[in-house]
Structure formats: structure tokens, C-alpha cells
Amino acid sequence: MTSAMTDLVQQAGIKLDATASSPEEAVDICGKLLVELGAVTNAYAEAMWEREEIFPSAIGMGFAIPHGTDESRVHVIFDQLVFVRLAKPIEWADDEVTCVLGIASQGDGHVELLGNLAEMIQDEDKLAILQNSQNPEEIAKLLLGTD
């Protein structure tokens, strides 16, 4: 695993028991976290909702993966993921979502991680950690595949 990959998730980018009443609010939380971490500019955070309106990012199993438009990648300073778990599920497209993984990527560095996520949410034990753990370090390690 490359060091760039291990820097992809920071504990400061993991927010548990967040409150959002709509996908727009959840995407906004992710965008603000990415800005706070210095990974993106506000323009990228705004493009995350633009992209969401074009094609909702709910992927099933209670997860959504909002990210910016292809054009907004120029506003990504460094690749970063944030993980936001909602205290209560929200309706997102035709799904109920509780876990939101915000993605900022200049290229395709996040593709490997998304493949890992797809496998993870099909593993009941790992899914339970993402849905229930109160330990940001445990979640970061699981997302990075370093557990």
C-alpha cells in the first residue's frame, strides 16, 4: 500500500453521529470536511452537489459516495476521503442512507478504495464496524484496508 493511500483517510475526516435531514445537507457536511482538511477548495465542495443532482450517489446497503464533477477535479488539492455516519437514516434517491463517503480525487486514485468498499459492505462484520463503531481509528483502518 502506498503512503499516498494511507493518507487518503484522516481521523479528522471521520464524523460519527452527524445530523442531516437531506442528501444535500449530507453532501454539504462532506464538502465542508474536505475543505477543512485542506483537500479541496469551496468550488469542489459546491460541485459535489452539482454532480449529485445529475446522478445520485447512493449505492445501496445504506451508503452514498458523493464526489465532484470531472470538471471540478482541478479544485482538488490532494486526494482525500471523508466518512460521515448519520445519527438517523435519510432518504437518498430510492435508498435509506446512514453512511456517506465523500470523495475528492484528482485522478483515479480512489477507484481501488471504492472496489474495497464494495467488498466491505458485503462482509457483515466489516459492514457492522462501519455502521456502528465509535472508534474513528478503527473505521479509518478498515477503509484503507490496513486492519
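Values in this document were obtained by computation on a predicted structure and should not be read as measured data.

Engineer: Looking at this model, I keep getting lost on helix α2 (residues 23-36). Mind explaining?
Structural biologist: With 14 residues, α2 ought to run about 20 Å at 1.5 Å a step, and its terminal C-alpha atoms sit 20 Å apart, in line with that. Among all positions in α2, only P23, A26, V27, I29, C30, G31, L33 and L34 are buried. Contacts made by the buried residues of α2 are with β1 (9-18), α3 (42-54), β4 (80-92) and β5 (95-104). Backbone geometry just downstream of α2 places G38 in the positive-phi region, at approximately 80°.

Engineer: Explanation requested: the pattern of salt bridges in the structure shown.
Structural biologist: Pairing is possible between side chains that carry opposite charge, provided their charged atoms lie close to one another. A complete count under the given rule lists three salt bridges for this structure. Of the charged contacts in the structure, one is a salt bridge between K32 and D28, with a shortest N-O distance of 3.0 Å. Taken together, the residues span about one helical turn, with K32 and D28 both in helix α2 at a distance of four residues. Across the salt bridge formed by E137 and K141, the nearest N and O atoms sit 3.5 Å from each other. Separated by four residues within a single helix, E137 and K141 lie in helix α6 (residues 136-144), roughly one turn from each other.

Engineer: I'm lost on unusual backbone geometry in this one. Help?
Structural biologist: Even without being glycine, D17 reaches a positive phi, approximately 60°. Tracing the sequence through the fold places D17 in strand β1.

Engineer: Any chance you could explain the environment of R51 here in plain terms?
Structural biologist: Relative to the helices and strands, R51 resides in helix α3. The exposure class of R51 is buried, given its relative accessible area of 18%. C-alpha of R51 to C-alpha of W92: the two residues are 41 residues apart in sequence and 14 Å apart in space. Not counting the four nearest positions on each side in its chain, R51 is found in contact with S57, H67, G68 and T69.

Calculation criteria
Residues numbered from 1 in each chain as written. Predicted model: local features only at pLDDT ≥ 70, side-chain atom pairs only at ≥ 80, totals over all residues. Heavy atoms only, no water. Helix = DSSP H or I, 4+ residues; strand = E, 2+ residues; numbered from the N terminus. Expected span 1.5 Å × (residues − 1). Buried < 20%, exposed > 50% of the residue type's maximum accessible area, 1.4 Å probe, protein only. Contact = heavy atoms within 4.5 Å. Salt bridge = Lys/Arg side-chain N within 4 Å of Asp/Glu carboxyl O.

Honestly, that's just the spatial picture; any functional story needs more than this.
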